[in-house]
Amino acid sequence: MSKDTQIFNLIDAEKERQLHGLELIASENFVSDGVMESVGSVLTNKYAEGLPGKRYYGGCKIVDQIETLAIDRLCKLFGAEWANVQPHSGAQANAAVLLACLNPGDKILGFDLSHGGHLTHGSPVNFSGKIYDPYFYGVKKETGLVDYEMMEEVAKKEFPKLIICGASAYSRDWDYMRIRKIADEVGALILADISHPAGLIATGLLSNPLEYCHIVTSTTHKTLRGPRGGIIMLGKNFDNPYGLKWKNGNPKSMAALLDAAVFPGTQGGPLEHVIAAKAVAFGEALTDRYKVYMKQVQKNAAVMADEFVKRGYSIISGGTDNHSMLIDIRSKGVTGKDAENTLVKADITVNKNMVPFDTESPFITSGIRIGTPAITSRGVKENEMAQIVELIDRVITNIDNHTIIAEVKIEVNKLMGHRPLFTWE
Ligand code: DSN
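Presented here is a report on the structure given in the accompanying data block. (Residues numbered from 1 in each chain as written. Predicted model: local features only at pLDDT ≥ 70, side-chain atom pairs only at ≥ 80, totals over all residues. Heavy atoms only, no water.)

## Considering the site of the ligand
Taken together, S27, H118, S168, H196, K222 and R369 form the complete shell of residues around the ligand. Between an oxygen atom of the ligand and a side-chain N or O atom of H118, the distance comes to 2.6 Å. Within the contact set of the ligand, an oxygen atom lies 2.7 Å away from a side-chain nitrogen or oxygen of H196. In the complex, the protein chains occlude 63% of the 230 Å² of accessible area that the ligand would expose alone. Residues of the shell around the ligand, tallied by class, amount to no nonpolar, 4 polar and 2 charged. (Near = heavy atom within 4 Å. Polar contact = N/O pair within 3.5 Å; in protein donor to acceptor, adjacent residues only side chain to side chain. Areas by Shrake-Rupley, 256 points an atom, 1.4 Å probe, with all protein chains shown as cover. Nonpolar A, V, L, I, M, F, W, Y, C, P; charged D, E, K, R; others polar.)

Next comes the structure, spelled out in structure tokens:
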């Protein structure tokens, strides 16, 4: 059969866009050939509902080995005792955790979406805020840092069953020990969603929540540089401290509850091609060269943040310890929406983002979020950050000047066009 030219021409066009542009969306990355080949492999043909060794379909001998390797590598990477690698996404992983730990109407305490949190941490437009009863903590206005006093105050007033930490737009490390103390005082479980900084945690560049948090979820496609997908992990000695049950059954281990919440609770057949790609990514993340990559991501972000500050931009919390930064661009007289839309004309991709205490709606926003995982995968180093920030600044400060935007686009294409999409260099 001949190739579907309509679709494959579009795939080629998207490849060209990725090759020539500056990809600064903090949650995106470029994967290795091994990850790409696994996702495009014959494993997509296989049904394997269940877990390795306990499937509802025949012919799972090989995929059992693949999924077991993925689990073993993941546990080694983070020092986890148990993992489930089947969630199709980070949102699916969080849905499974909430299903395993809560009953409809139970209280949860999450990081406010408009302060940097995530939809699945209790937003009213998401299942987590519709099915459960959400309360929030945010950042302190003066510092832009997580307000742990507020977390404690709300927790002691509301007694949530689950406290969720982790963020989509927060550039500092978390105090997991402090969160555990608060959770223990009110009898709550903790879910740490490390989707964004997972790679920095895996390589010891940020603190590891598995030491203090009962359950940890992540996506696999951001700093972890794997295929799009989710994971759930458990640390040591946190097995079901409050004796949760599954469907009025006997108390079960937390691992059994979470497994059941993934399948059959929220998903059907696992994507074994994606699980193989996750295993490849975890294998890569266990290498020294991945640690070199993550250090470069962190260094690039720190230097980039400094360059923005030098040009008069306000970074929430004043800088970054991880791969990302949230920039308040109000001082430049531009909204997040206009910045995103104009930067893309110069082949620079960022996303508009609310800043804490924003007066604009989520569709407009006063900020942009920027991250370095993707450009670092293309070999960009810290000595190129001044040039990249100058290009972004030139667009933002000339938002209506089509000639200047066209000039920036040419410079962006020159800077990026000759590089491979993925390199270890
Ligand atoms: N969409 C992800 C991000 O960009 O951070 C969160 O789900």
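## Here's the deal with the packing of aromatic side chains
According to the stated counting rule, one finds 10 aromatic pairs in the structure shown. Between F422 and W424, the aromatic rings sit 5.5 Å apart at their centres with planes inclined by 85°, giving edge-to-face as the arrangement. Residue classification places F422 among the buried positions, given a relative accessible area of 17%. Three or more aromatic residues joined by ring pairs make a cluster, and in this case those are F111, Y137, Y170 and W174. Above the face of the Y293 ring, R225 is positioned so that its terminal group lies 3.7 Å from the ring centre. (Phe/Tyr/Trp six-rings, centres within 6.5 Å; stacked < 30°, edge-to-face > 60°. Buried < 20%, exposed > 50% of the residue type's maximum accessible area, 1.4 Å probe, protein only. Lys NZ or Arg CZ within 6 Å of the ring centre and 35° of its normal.)

## Let's talk about the packing of helix α14 (residues 385-396) against helix α15 (residues 402-416)
Direction vectors running N to C along α14 and α15 enclose 160°, while the axes themselves pass 9 Å from each other. With respect to each other, α14 and α15 are oriented roughly antiparallel. Between α14 and α15 the crossing geometry is left-handed. Across the interface between the two elements, Q387, I388, L391, R394 and V395 from α14 touch I404, I405, V408, E411, V412 and L415 from α15. Considered class by class, the residues forming the contact of α14 with α15 number 8 nonpolar, 1 polar and 2 charged. (Axes fitted to C-alpha atoms, helices over the stretch in contact; angles between N-to-C directions. Helix = DSSP H or I, 4+ residues; strand = E, 2+ residues; numbered from the N terminus. Parallel < 35°, antiparallel > 145°, perpendicular 65-115°, else oblique. Left-handed = near helix turned anticlockwise from the far one by under 90°. Contact = heavy atoms within 4.5 Å.)

## Thoughts on empty space enclosed by the protein
Gaps between atoms show up when a probe of the same size as a water molecule is rolled over them. Evaluated as defined, the whole model comprises 4 cavities of 30 Å³ or more. Empty space within the largest cavity amounts to approximately 100 Å³. Along its surface, the largest cavity is lined by 16 residues, and A167, Y170, W174, P197 and N322 are the ones closest to its centre. Broken down by class, the residue content of the lining of the largest cavity amounts to 7 nonpolar, 6 polar and 3 charged. By volume, the second largest cavity amounts to about 60 Å³. (1 Å grid on protein atoms, 1.4 Å probe; cavity = no way out; pocket = protein on both sides within 12 Å on 5 of 7 lines; lining within 4 Å. Points joined across faces, edges and corners; volume = space filled by probe spheres on them.)

## Section: unusual backbone geometry
Of the consecutive residues F263 and P264, the connecting peptide bond is found in the cis state with omega at 10°. Along the chain, P264 turns up in helix α9 (residues 254-266). Phi is positive for F159, close to 50°, though the residue is something other than glycine. Given a relative accessible area of 49%, F159 falls into the partly exposed group. With a phi angle near 75°, S317 is a residue other than glycine that sits in the positive phi range. On the secondary structure map, S317 appears in the loop between β11 (314-315) and β12 (324-328).

## A few points about the sheet that holds strand β8 (residues 189-193)
Spatially, β4-β10-β9-β8-β7-β5-β6 is the arrangement adopted by the 7 strands of the open sheet, whose pairing is mixed. The sheet is open, and its two edges are formed by β4 (82-84) and β6 (133-137), each paired on a single side. Taken pair by pair, the neighbouring strands of this sheet meet at an average axis angle of 20°, ignoring direction. Across 5 bridges, the pairing between strand β5 (residues 107-111) and β6 is parallel. Counted as the bridge partner of F111 is Y137 from β6. Across the sheet, helix α6 (residues 148-158) touches β5, β6 and β7 (162-165), and the angle it forms with β6 is around 150°. (Pairing = 2+ DSSP bridges.)

## Side note on the environment of V262
Within the element layout of this structure, V262 appears in helix α9. Judged by relative accessible area, V262 falls into the buried class, the value being 1%. Note: C-alpha distance between V262 and H88 (174 residues apart in sequence) is 9.5 Å. With near-sequence residues (within four places) excluded, V262 lies in contact with N84, Q86, P87, A96, I232 and Q267.

## Points about helix α3 (residues 61-78)
The end-to-end C-alpha separation of α3 is 27 Å, in line with the 26 Å expected for 18 residues at 1.5 Å each. Taken together, the buried positions of α3 are occupied by V63, D64, I66, E67, A70, I71, L74, C75, L77 and F78. An end-on view of α3 places all buried positions within 165° of arc, on one side of the element. For α3, the exposed residues set more than 90 degrees away from the buried face come down to K61, I62 and K76. (Expected span 1.5 Å × (residues − 1). Arc of directions from axis to C-beta.)

## Some points on the pairing of β5
The side chains of a regular strand alternate between the sheet's two faces. Of all the 5 residues making up β5, 4 are buried; the element is thus mostly covered by neighbouring parts of the structure. One ladder, built from 2 bridges, connects β5 with β7; its direction is parallel. Across the sheet, the residue bridging to L109 is I163, located in β7.

## What about the sheet that holds β12?
The strand order across the open sheet built from 4 strands is β11-β12-β15-β14, with neighbouring strands paired in antiparallel fashion. Lying at the two open borders of the sheet, with one neighbouring strand each, are β11 and β14 (351-353). Direction of pairing for β12 relative to strand β15 (residues 367-371): antiparallel, over a ladder of 5 bridges. When the sheet's bridge partners are listed, M325 is paired in β15 with I370. In this fold helix α11 (residues 288-310) packs onto β11, β12 and β15, with an angle of close to 15° to the strand it touches most, β12. In the packing of helix α12 (residues 336-345) onto the sheet, contacts are made with β14 and β15, and the angle to β14 comes to roughly 175°.

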